[in-house]
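# Descriptive analysis of the structure
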Amino acid sequence: KGKLNFVKKLGYNTLSSKEISNHIDKYDKVIEAVGTNESINQSILLVKTFGKLVLVGNPKEDVLFKKNNYWKIVKKRMIGLIYYHLWQITLNILNH
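Every value quoted in this text rests on a predicted model; they were computed, and no experiment measured them.

## Points about the confidence of the model for the chain
Per-residue confidence for the chain gives a mean pLDDT of 78; residues scoring 70 or more make up 80%. Mean pLDDT per element in the chain: strand S3 (residues 81-84) is the minimum at 53, and helix H2 (residues 37-46) is the maximum at 89.

In structure tokens, the structure reads:
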């Protein structure tokens, strides 16, 4: 809950898993901070072509990309699939 409040305070949108289908290919920058396979794969769907996806923290389990999501990364030409541990570094990356 602390991460969620932090992100909202910075002015970023937050989505629940139930809202994902209404936001496919909508965002230039997405921060994924839950760390489950479901949330990581859902975050890939949200990113526009040439968008940035930042994975924050430690995953809760082995990270497995669905085959279709792997191809979305390639076809969307996402600018890196970046994994950082610190929020400040993450925010600096998103601002570039």
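## A few points about the pairing of strand S2 (residues 47-56)
With respect to burial, S2 is a largely interior element, seven of its 10 residues being buried. As defined by bridge partners, strand S1 (residues 27-32) adjoins S2 across five bridges and the pair is classed as parallel. Paired with Val30 across the two strands is Leu53, which belongs to S2. Following the backbone out of S1, through H2 and into the adjacent parallel S2, one traces a crossover that is right-handed.

## Considering the packing of aromatic side chains
In this structure the tally under the stated criterion is one aromatic pair. Relative to Trp71, the ring of Tyr70 has its centre 5.2 Å away and its plane inclined at 80°; by these criteria the two rings are edge-to-face.

## Focus on the pattern of salt bridges
Summed over the entire model, instances satisfying the criterion amount to one salt bridge. Notably, a salt bridge pairs Lys48 with Asp28, separated by 3.8 Å at the nearest N-O pair. Of this pair, Lys48 sits in strand S2 while Asp28 sits in strand S1; the two residues are 20 residues apart in sequence, bridging distant segments of the chain. The exposure class of Lys48 is partly exposed, given its relative accessible area of 32%. Note on Asp28: relative accessible area 46%, which makes it partly exposed.

## Notes on the nonpolar core
Judged by nonpolar contacts, Ile20, Tyr27, Val30, Ile40, Ile44, Leu46, Val47, Leu53, Leu55, Ile73 and Met78 together constitute the single largest core of 11 residues. Taken together, the elements giving at least two residues each to this core come down to S1, H2 and S2.

About the criteria used
Residues numbered from 1 in each chain as written. Predicted model: local features only at pLDDT ≥ 70, side-chain atom pairs only at ≥ 80, totals over all residues. Heavy atoms only, no water. pLDDT = per-residue confidence, 0-100. Helix = DSSP H or I, 4+ residues; strand = E, 2+ residues; numbered from the N terminus. Buried < 20%, exposed > 50% of the residue type's maximum accessible area, 1.4 Å probe, protein only. Pairing = 2+ DSSP bridges. Right-handed = clockwise from strand over helix to strand, strands pointing away. Phe/Tyr/Trp six-rings, centres within 6.5 Å; stacked < 30°, edge-to-face > 60°. Salt bridge = Lys/Arg side-chain N within 4 Å of Asp/Glu carboxyl O. Core = buried A, V, L, I, M, F, W, Y, C linked by side-chain atoms within 4.5 Å.

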